[in-house]
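Understanding the architecture of this molecule
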Amino acid sequence: MLPAALEEIVEDFRLSPKQMRLEMLLDYSRGLPPLPDRYADAPEALERVDECQTPFFVGVEIHDDRVHLFFDAPPEAPTTRGYAGILAAGLDGASVSEILETSPDFALSMGLGELVSPLRLRGMSAILARIKRQVVTQTRATADG
Amino acid sequence: MPAPLDNDQKLARYAHPERLVTTAWLAEHARDPGIVIAESDEDVLLYETGHIPGAVKIDWHADLNDQLTRDYVDAEGFARLMSSKGIARDTTVVLYGDNFNWWAAYALWVCSLFGHADVRLLDGGRQRWTAEGRPMTTEVPTPTPTEYPVVPRDDTTIRAFKDDVLAHIGTGPLVDVRSPGEYSGELTHMADYPQEGALRAGHIPTAHSVPWRRAANDDGTFRPLDELQAIYLEELGIRPGDDVVAYCRIGERSSHTWFVLTHLLGLPNVRNYDGSWVEWGNAVRVPIERPGYPTPASGAAA
């Protein structure tokens with residue numbers, strides 16, 4: 001199961017010709033929203049994703065069962081920024097259960113493997129795994145509290 | 001017709017100065033006929049965000065590797081690739097890229113497997129070009145296809161396979177160019193890089209650890225000749241006639257060292273083991289050395 005917005009992105013990629021997919025990834029890279037000031041001033045509030053080949057950070061906030069995502073990756077790493085842009089567009093605002101049910105396999109059906117090499121796709125599932133873990137930790141903390 | 005050489009003084013001291021150009025030379029000659037500039041990066045999207053005006057893109061994964069077998073493209077595939085990039089057999093190819101020219105050196109090494117005569121690296125690569133504020137563009141050129149000949153790949157001269165490396169143990173210098181943690185077996189991959197699946201950690205017996213980065217200055221350029229000689233000839237004890245093999249994890253960082261040993265120091269018999277640790281660390285019954293474990297018998301295959 002994928003949230004509708006992510007499902008739509010996956011379909012767009014899957015149905016586009018190869019060269020177009022690269023352009024689309026670049027568009028997501030360019031469209032990645034900048035960090036809000038509260039994170040820009042406190043980088044330790046973000047979690048580093050070690051599986052990505054470049055410095056990459058993710059932050060998660062949950063308000064009224066809606067998950068909001070924040071990413072930071074340098075401009076000289078457009079591929080990683082592109083992954084973040086896809087996850088931001090596809091998952092931001094989804095519910096807690098939608099996030100937790102998102103299968104990491106979606107990256108494989110986007111046709112990106114032949115562009116970026118299957119090995120480099122792992123960064124995407126690693127980011128998703130961190131997001132899920134933060135969601136679990138935060139919802140548990142709320143339930144306990 | 002080959003492009004003129006860069007007469008820069010630092011380059012002139014290397015054994016094969018014709019294999020390097022400076023950013024200043026490239027800025028002057030970028031539009032010369034007979035030259036094709038090609039960018040080869042780690043990040044598959046970096047070229048699209050901006051590149052040296054006129055440069056084409058060569059992707060290490062999609063263009064240089066066979067998509068089914070773990071191998072490089074064959075002679076027909078290479079000829080198709082060169083033709084599509086507007087490169088003729090006598091074209092001067094100037095390669096540059098991100099990350100200290102790893103993938104540019106890798107592309108240069110692959111071009112050398114097919115005997116392309118005039119292929120050069122931009123000293124300092126993309127990092128130096130952008131640090132100097134030189135022009136970049138997102139405009140992608142549309143090269144006129146060439147009649148590039150179908151030339152067989154020579155896998156015997158500058159390429160080593162696993163069995164070659166087994167036979168090489170104990171007979172000549174073996175250079176492990178990975179990070180110290182990978183060499184000692186604490187890691188099977190670079191820090192901060194994706195785990196690319198080696199089941200065992202350590203290094204090939206007798207290999208010396210000389211991380212590739214020691215050959216580079218912080219600005220991405222190669223260190224001057226005397227400093228390279230101090231590392232590889234004096235410290236490591238490589239003699240000019242030695243048969244040398246370099247390896248890393250998948251063959252990209254060792255392409256950088258292969259370039260240093262072959263073209264900057266002028267060693268005639270250097271091979272790159274492109275199978276590298278991702279093959280060795282998964283192969284059954286090949287000897288591995290690792291601190292805290294018994295040293296395998298020299299040259300033993302099992």
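In this report, the structure presented in the accompanying data block is examined. Think of each chain on its own: its residues are numbered from 1, step by step along the sequence as written. For this description, chains carry letters from A and ligands carry numbers from 1, given in the order in which they are written. The model is predicted, so local features are restricted to residues of pLDDT at least 70 and side-chain atom pairs to those at 80 or more, both for listing and for counting; the totals for chains, interfaces and linings are taken over all residues. Side-chain measures were taken over the full set of non-hydrogen atoms in the model, leaving aside hydrogen atoms and water.

1. Observations regarding the overall build of chain A
- In this description a helix means any DSSP run of H or I spanning at least four residues, a strand means any run of E spanning at least two, and both kinds are numbered starting from the N terminus. The helix and strand inventory of chain A stands at 7 helices and 3 strands.
- In sequence order, the secondary structure elements of chain A are arranged as α-α-α-β-β-β-α-α-α-α.
- What you see for chain A is a C-alpha radius of gyration of 15 Å, in line with the 15 Å of a compact globule of 145 residues.
- Between two residues, a contact is recorded if the distance between any of their heavy atoms is within 4.5 Å. Across chain A, the fraction of contacts at a sequence separation of at least 24, relative to all contacts at a separation of at least 6, is 68%.
- Accessible area of chain A: about 6,900 Å², with a carbon and sulfur share of 54%.
- Within chain A, the 23 negative side-chain charges are centred at a point lying 7 Å from the centre of the 14 positive side-chain charges. The globule rule used for comparison is 2.2 Å times the number of residues to the exponent 0.38, while the radius of gyration itself is calculated over C-alpha atoms. Using the Shrake-Rupley algorithm and a 1.4 Å probe, accessible areas are obtained, with residue cover drawn only from the displayed protein chains. In this charge count, Lys and Arg are treated as positive and Asp and Glu as negative; neither His nor the chain ends contribute. Charged side chains are reduced to one point each, which is NZ for Lys, CZ for Arg, CG for Asp and CD for Glu.

2. Things to note about the sheet that holds strand β9 (residues 270-273) of chain B
Residue and element names in this part refer to chain B.
- Spatial strand order, β7-β6-β8-β9: 4 strands in an open sheet with parallel pairing. Taken across any chain shown, the strands that pair with only one partner, and hence form the sheet edges, are β7 (208-209) and β9.
- Examined bridge by bridge, strand β6 (residues 174-176) and β7 share 2 bridges and lie parallel to one another. For D176, the partnering residue across the bridge sits in β7 and is S209.
- All axes are obtained by fitting lines to C-alpha atoms, using only the stretch in contact for helices, and the reported angles, taken between N-to-C directions, cover 0 to 180 degrees. In the packing of helix α11 (residues 253-264) onto the sheet, the strands contacted are β8 (244-247) and β9, and the crossing angle to β9 comes to about 180°. Note on pairing: DSSP must find at least two bridges between two strands before they are called paired.

3. Some details on the pairing of strand β2 (residues 35-39) of chain B
Residue and element names in this part refer to chain B.
- Within β2, 5 of the 5 residues are buried, leaving the element largely enclosed by the surrounding structure.
- The buried label applies to any residue whose accessible area, calculated with a 1.4 Å probe on protein chains only, is under 20% of its type's maximum; exposed applies above 50%, and partly exposed to all values in between. Residues I35, I37 and E39 of β2 are buried on one face, and the alternating residues V36 and A38, pointing to the opposite face, are buried as well.
- Relative to strand β4 (residues 92-96), β2 is paired through 5 bridges, and the arrangement is parallel. Note on β4: the bridge partner recorded for I35 is T92.
- Taken together, the 2 bridges between β2 and strand β3 (residues 56-57) define a ladder with parallel strand orientation. Considered in β3, the bridge of A38 is made with V56.

4. Considerations on the sheet that holds β4(B)
Residue and element names in this part refer to chain B.
- In spatial order, the strands read β1-β5-β4-β2-β3; together these 5 strands make up an open sheet with parallel pairing. Single-partner strands in this sheet number two, and they are β1 (20-21) and β3.
- Seen against the sheet, helix α6 (residues 102-113) touches β4 and β5 (119-122) and runs at an angle of roughly 175° to β5.

5. Looking at the packing of helix α10 (residues 225-235) of chain B against α11(B)
Residue and element names in this part refer to chain B.
- Here α10 crosses α11 at 110°, and the two axes come no closer than 11 Å. It follows from the interaxial angle that α10 and α11 lie roughly perpendicular. The element α10 and its partner α11 pack so that their crossing is left-handed. For the pair α10 and α11, the contacting residues are L225, L228 and Y232 in the first and T257, V260, L261 and L264 in the second.
- Considered class by class, the residues forming the contact of α10 with α11 number 6 nonpolar, 1 polar and no charged. Every angle not falling under 35 degrees, over 145, or within 65 to 115 is termed oblique; those three ranges are roughly parallel, roughly antiparallel and roughly perpendicular. Definitions for this section: a left-handed crossing has its near helix turned counterclockwise from the far helix by less than a right angle. A right-handed crossing has that turn clockwise. Side-chain classes follow a simple rule in which Ala, Val, Leu, Ile, Met, Phe, Trp, Tyr, Cys and Pro form the nonpolar group, Asp, Glu, Lys and Arg form the charged group, and the remainder, Gly included, forms the polar group.

6. What about the pattern of salt bridges?
Residues and elements named next belong to chain B.
- When a carboxyl oxygen of Asp or Glu lies within 4 Å of a side-chain nitrogen of Lys or Arg, that pair is called a salt bridge. The tally for this structure, following the rule as stated, stands at 27 salt bridges over all chains.
- The shortest N-O distance in the salt bridge between D71 and R153 comes to 3.0 Å. Of this pair, D71 sits in the loop between α4 (60-64) and α5 (75-84) while R153 sits in the loop between α7 (125-131) and α8 (162-168), and the two are 82 residues apart along the sequence.
- Linking K162 and D163 is a salt bridge whose minimum nitrogen-to-oxygen distance equals 4.0 Å.
- The exposure class of D163 is exposed, given its relative accessible area of 52%.
- Because the salt bridges share partners, they merge into one network encompassing D71, R153, D155, R159 and D274.

7. Remarks on helix α2 (residues 18-31) of chain A
- Here α2(A) spans 20 Å end to end across 14 residues, near enough to the 20 Å set by a 1.5 Å rise per residue.
- For α2(A), the complete set of buried residues consists of R21(A), L22(A), M24(A), L25(A), L26(A) and S29(A).
- Buried residues in α2(A) make contact with α1 (4-15), α4 (78-91) and α6 (113-116) of chain A together with α3 (46-49) and β3 of chain B. Multiplying one less than the number of residues by 1.5 Å gives the expected span of a helix.

8. Some details on the nonpolar core
- By nonpolar core is meant a set of buried Ala, Val, Leu, Ile, Met, Phe, Trp, Tyr and Cys residues that side-chain atoms within 4.5 Å join together. Judged by nonpolar contacts, the single largest core of 62 residues is most densely connected at L95(B), L121(B) and Y232(B).
- F13(A), L32(A), V60(A) and L115(A) belong to the second-largest nonpolar core, a separate cluster that totals 42 residues.

9. Section: α11(B)
Residue and element names in this part refer to chain B.
- Across its 12 residues, α11 extends 16 Å between first and last C-alpha, which sits within 8% of the 16 Å expected from 1.5 Å per residue.
- When you tally the buried positions in α11, you get 12 out of 12 residues, the bulk of the element.
- Just beyond α11, the residue with positive phi is G266, at close to 80°.

10. Observations concerning the packing of α1(A) against α2(A)
Residues and elements named next belong to chain A.
- Remark: α1 packs on α2, axes separated minimally by 9 Å, with the N-to-C direction vectors making an angle of 145°. The hand of the α1/α2 crossing is right-handed. Contacts between α1 and α2 involve I9, D12 and F13 from the former and R21, M24, L25 and Y28 from the latter.
- Of the residues belonging to the contact of α1 with α2, the class tally is 5 nonpolar, no polar and 2 charged.

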